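# Chains, contacts and geometry: an overview
Listed below, chain by chain, are the residues.
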Amino acid sequence: MPNLKNIVEIVWLILVLLTLFTFLLGLFNTINTSIVAVLLISTFIKAQLLIDYFMGLKNVRLRYRIIPSFWLFIVISLIATAYYYPI
Amino acid sequence: MTKSSNIKEPHPPGDFAIWIIIYVELLTFALLFTGYAFSRRADVEVFNASQLLLSQTSGFINTLILITSSYFVVKAVQSIKDMTEQTAKSANSSAAKWLLSAIFLGFLFLVIKVFEFSHIFGMGIHLSTNTFFMFYLLLTLFHFMHVMLGLIILWNIYQKTKRVGYTVDDYSGMETGASYWHLVDLLWIILFPLIYIIR
């Protein structure tokens, strides 16, 4: 298992790869309703990784970590609702 | 900014005041993000057509720039946290190099955004063109100002590392500035797919 200190390199690489994945989906114009869900999940993963490992909240008491994580969950859920819930 | 111990830190990194600011910023941007997403439902065709006028490539490059800049700031903080009294000078010097790289990337982000804005404004687009561009300009200009403020903060931290100003017992100021810079990255990570890609 990699040392937590070296995890930031792995996190950076995952963030870059997920960003590339997002860009390629847009570039090849493959965005449809099912892909939107994939993109939102990918965005959630990226943001949560940043909160945990770059902002350093992974090892902080839950009461502080939960605020940005809950914010992220609500924002992504509301965006998904706006895209999927019929008018 | 990571610890290998299972013991939880009692407080988030840096001064707690910055976290109050971060929570307020998160709330503000949440309103703008969801405002954009729900406004789109009323005019999907206009939003999709307007989105095609944006450069996905510049959005993509800017995302990579901010992610990497944020990573450099993590490395700068790690350098300071790992130092001992004997290695204070070299640790501050190492942190200064990481910070200067992060500042350079942040500046590059702004340059690319300025080119993007000049292209958009050159097409005669402004805040009242349509709802899509109102949100696009509000979100990206507001974020642009956050990047500028973040760069000023990073520059001040950089100056302190040049003076070997951070010690084993006192590096909270660096963590405070780093937390703000990561917020700027976090907001862009959501903004990029929402405005540039998802349709």
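## Let's talk about the overall build of chain A
Within chain A one finds three helices and zero strands. The secondary structure elements of chain A, listed N-terminal to C-terminal, are α-α-α. Expressed as lengths along the three principal axes of its C-alpha atoms, the size of chain A is roughly 45 × 30 × 20 Å. Split into buried and exposed, the 87 residues of chain A put 34% on the buried side. Intrachain contacts of chain A at a sequence separation of at least 6 include 57% that bridge at least 24 residues.

## Focus on the overall build of chain B
Helix and strand counts for chain B stand at six helices and zero strands. N-terminal to C-terminal, the α/β element order of chain B is α-α-α-α-α-α. Principal-axis analysis of the C-alpha atoms gives chain B an extent of 60 × 35 × 25 Å. Burial status across chain B gives 42% buried among its 199 residues.

## Description of unusual backbone geometry
Residues and elements named next belong to chain B. Phi at V164 takes a positive value of approximately 55°, unusual for a residue other than glycine. With respect to the helices, strands and loops of the structure, V164 is situated in the loop between α5 (131–162) and α6 (172–197). Residue classification places V164 among the partly exposed positions, given that 15 C-beta atoms sit within 10 Å.

## Concerning the nonpolar core
In terms of nonpolar packing, the biggest core is built from 77 residues, with V73, A76, I80, L99 and A102 of chain B touching the most fellow members. In terms of residue count, α6 of chain B provides more of this core than any other element does, 16 residues in total.

## Considering the interface of chain A and chain B
The interface of chain A with chain B comprises 41 residues on the first partner and 40 residues on the second. For the side of chain A that touches chain B, the elements supplying multiple residues, two or more each, are α1 (4–27), α2 (33–54) and α3 (62–84) of chain A. At 13 residues, α1 of chain A tops the list of elements feeding residues into the side of chain A that touches chain B. Residue composition of the side of chain A that touches chain B, by class: 30 nonpolar, seven polar and four charged.

## Observations concerning the environment of L27 of chain A
Tracing the chain through its elements places L27 of chain A in helix α1. A count of 13 C-beta atoms within 10 Å places L27 of chain A in the partly exposed class.

## Focus: the packing of α3 of chain A against helix α1 (residues 16–42) of chain B
Packed helices, taken two at a time, are described by the angle their axes make and the gap between the axes. Between α3 of chain A and α1 of chain B, whose axes approach to 8 Å, the crossing angle comes to 10°. When the interaxial angle is binned, α3 of chain A and α1 of chain B end up roughly parallel. Residues I67, P68, W71, V75, L78, I79, A82 and Y83 of chain A of α3 of chain A form the contact with α1 of chain B, whose own contacting residues are Y23, L26, A30, F33, T34, A37, F38, R40 and R41 of chain B. Along the lines of polarity and charge, the residues of the contact of α3 of chain A with α1 of chain B split into 14 nonpolar, one polar and two charged.

## Considerations on the packing of α2 of chain A against α6 of chain B
The geometry of α2 of chain A relative to α6 of chain B is characterised by a closest axis approach of 10 Å and an angle of 175° between their N-to-C directions. The angle between the axes of α2 of chain A and α6 of chain B places the two elements in the roughly antiparallel class. Contacts between α2 of chain A and α6 of chain B involve L39, T43, K46, A47, L50, I51 and F54 of chain A from the former and H182, D185, L186, I189, I190, P193 and I197 of chain B from the latter. Within the contact of α2 of chain A with α6 of chain B, the residues separate by chemical class into 10 nonpolar, two polar and two charged.

## Section: α1 of chain B
Because an α-helix packs 3.6 residues into every turn, residues spaced three or four apart end up facing the same way. Compared with the 39 Å implied by 1.5 Å per residue over 27 residues, the 40 Å span of α1 of chain B between its first and last C-alpha is a close match. Those residues of α1 of chain B that sit buried are I18, W19, I22, F29, F33, Y36, A37 and R40 of chain B. On its buried face, α1 of chain B is in contact with α3 of chain A together with α2 (44–51), α5 and α6 of chain B.

## What to know about the confidence of the model for chain B
With 97% of its residues at a pLDDT of at least 70, chain B reaches an overall mean of 94. In the predicted complex, the global pTM is 0.93; the interface-specific ipTM is 0.93.

## Points about the environment of L57 of chain A
Relative to the elements of secondary structure, L57 of chain A occurs in the loop between α2 and α3. Of the residues examined, L57 of chain A has 26 C-beta atoms within 10 Å and is grouped as buried. Aside from chain neighbours lying at most four places away, what touches L57 of chain A is I51, D52, Y64, R65 and P68 of chain A together with P12 of chain B.

Parameters and conventions
- Residues numbered from 1 in each chain as written.
- Chains lettered and ligands numbered in written order.
- Predicted model: local features only at pLDDT ≥ 70, side-chain atom pairs only at ≥ 80, totals over all residues.
- Helix = DSSP H or I, 4+ residues; strand = E, 2+ residues; numbered from the N terminus.
- Buried ≥ 20, exposed ≤ 12 C-beta atoms within 10 Å, placed from the backbone.
- Contact = placed C-beta atoms within 7 Å.
- Core = buried A, V, L, I, M, F, W, Y, C linked by C-beta atoms within 7 Å.
- Nonpolar A, V, L, I, M, F, W, Y, C, P; charged D, E, K, R; others polar.
- Axes fitted to C-alpha atoms, helices over the stretch in contact; angles between N-to-C directions.
- Parallel < 35°, antiparallel > 145°, perpendicular 65-115°, else oblique.
- Expected span 1.5 Å × (residues − 1).
- pLDDT = per-residue confidence, 0-100.

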